[in-house]
Amino acid sequence: MKLVIASDIHGSALFAKQLMDRVSAEQADRLVLLGDLLYHGPRNPLPPGYHPTEVAAMLNASPVPVVAVRGNCEAEVDQTLLDFPCMDTTAQIIDGNRTLMFSHGHVVSPENHPALPSPAALFTGHTHKKILEGRKGVWYVNPGSVSLPKDGIRSYATYEDGVFALKQLKDGEVLVQAIMTDLEA
Ligand SMILES: [Mn+2]
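Residues numbered from 1 in each chain as written. Predicted model: local features only at pLDDT ≥ 70, side-chain atom pairs only at ≥ 80, totals over all residues. Heavy atoms only, no water.

### Considerations on the sheet that holds strand 11 (residues 174-179)
Strand order across the open sheet formed by 6 strands is 3-2-1-9-10-11, with mixed pairing between neighbours. Unpaired on one side and paired on the other, strand 3 (66-68) and strand 11 mark the two borders of the sheet. For this sheet the average axis-to-axis angle between neighbouring strands, irrespective of direction, equals 20°. When strand 1 (residues 2-6) meets strand 9 (residues 155-160), the two strands line up antiparallel, connected through 4 bridges. (Pairing = 2+ DSSP bridges. Helix = DSSP H or I, 4+ residues; strand = E, 2+ residues; numbered from the N terminus. Axes fitted to C-alpha atoms, helices over the stretch in contact; angles between N-to-C directions.)

See the structure below:
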């Protein structure tokens, strides 16, 4: 099973388009969105190409099923525009013996999450900064932001059969990679 994981689109149709191009290029089975999808959020500048209804249409037209969680910028009205659930705090996908948990990061975070059966990974966004690290039996993955990175590079993540990668949004170039079995509990 291959996942494309992305976060913090914040209403940018320009970069949502780049993301959907990457979803097709990656031939993923699922697109996982970690929240802050449509609204720019009052703390952020308007991202380039800001157009929430276009972003909603693009996500609804995803060639693969979408799994999404609620970010701190999601409003209740957002669910009426989207054809997949976007209001839950967490989502899980079980891949063989591996537990993959997804959350935005403002409620459930690397510092505050339920116990996870190893091998496990927790994917969060929210900080707009990429992370790929393993600690005490859990992998922590932050795909960074699709539109408003605070670490200088727009990015997303992939997961396939226990292999994580952080990739550049514009061309899919691998920035860093890790294998789940590398982690010593
Ligand atoms: Mn955000």
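### Focus on helix 1 (residues 13-26)
With 14 residues, helix 1 should reach 20 Å at 1.5 Å per residue; the first-to-last C-alpha distance of 20 Å fits that figure. Residues of helix 1 that are buried: Ala 13, Phe 15, Ala 16, Leu 19, Met 20, Arg 22, Val 23 and Glu 26. Count one or two residues on from helix 1 and you reach Gln 27, which has phi positive near 50°. (Expected span 1.5 Å × (residues − 1). Buried < 20%, exposed > 50% of the residue type's maximum accessible area, 1.4 Å probe, protein only.)

### Section: the packing of aromatic side chains
This model, assessed by the stated rule, comprises 4 aromatic pairs. Judged by centre distance (5.5 Å) and plane angle (50°), the rings of Trp 139 and Phe 164 are tilted. Of this pair, Trp 139 sits in strand 8 (residues 138-142) while Phe 164 sits in strand 10 (residues 163-168), placing them 25 residues apart in sequence. Across the pair, Phe 164 and Trp 139 agree in class, each one buried. (Phe/Tyr/Trp six-rings, centres within 6.5 Å; stacked < 30°, edge-to-face > 60°.)

### As for the coordination of the manganese ion
Within the protein, Asp 8 (OD), His 10 (NE2), Asp 36 (OD) and His 128 (NE2) serve as the donor atoms for the manganese ion, at 2.0 to 2.4 Å. Linear spacing of the donor residues for the manganese ion on their chain is D-x1-H-x25-D-x91-H. Of this pair, His 10 sits in the loop between strand 1 and helix 1 while His 128 sits in the loop between strand 6 (120-124) and strand 7 (131-135), placing them 118 residues apart in sequence. Here His 10 and His 128 have matching classes, each one buried. (Donors = N, O, S within 2.8 Å, 3.2 Å for Na, K, Ca; no water.)

### Looking at the sheet that holds strand 6
Strand order in the open sheet formed by 5 strands is 4-5-6-8-7, and the pairing between neighbours is mixed. Two strands in the sheet have a free side with no partner beyond their single neighbour: strand 4 (90-95) and strand 7. Across this sheet, the average inter-strand angle for adjacent strands is 15°, counted without regard to direction. Where strand 5 (residues 98-103) and strand 6 come together, 5 bridges link them in parallel fashion. Considered in strand 6, the bridge of Ser 103 is made with Thr 124.

### Some details on the pattern of salt bridges
As enumerated under the stated definition, the model contains 7 salt bridges in all. Close ionic contact of Lys 167 with Glu 26 constitutes a salt bridge, the shortest N to O distance being 3.0 Å. Placement of Lys 167 in strand 10 and of Glu 26 in helix 1 is noted, with a sequence separation of 141 residues between them. Among the residues examined, Glu 26 registers a relative accessible area of 8% and is labelled buried. Across the salt bridge formed by Arg 98 and Asp 95, the nearest N and O atoms sit 3.3 Å from each other. Classification of Asp 95 by relative accessible area gives buried; the value is 11%. Ionic contacts of the salt-bridge type, sharing partners, join the residues Lys 2, Arg 22, Glu 26 and Lys 167 into one network. (Salt bridge = Lys/Arg side-chain N within 4 Å of Asp/Glu carboxyl O.)

Everything listed here is a matter of coordinates, which is why it stays silent on function.
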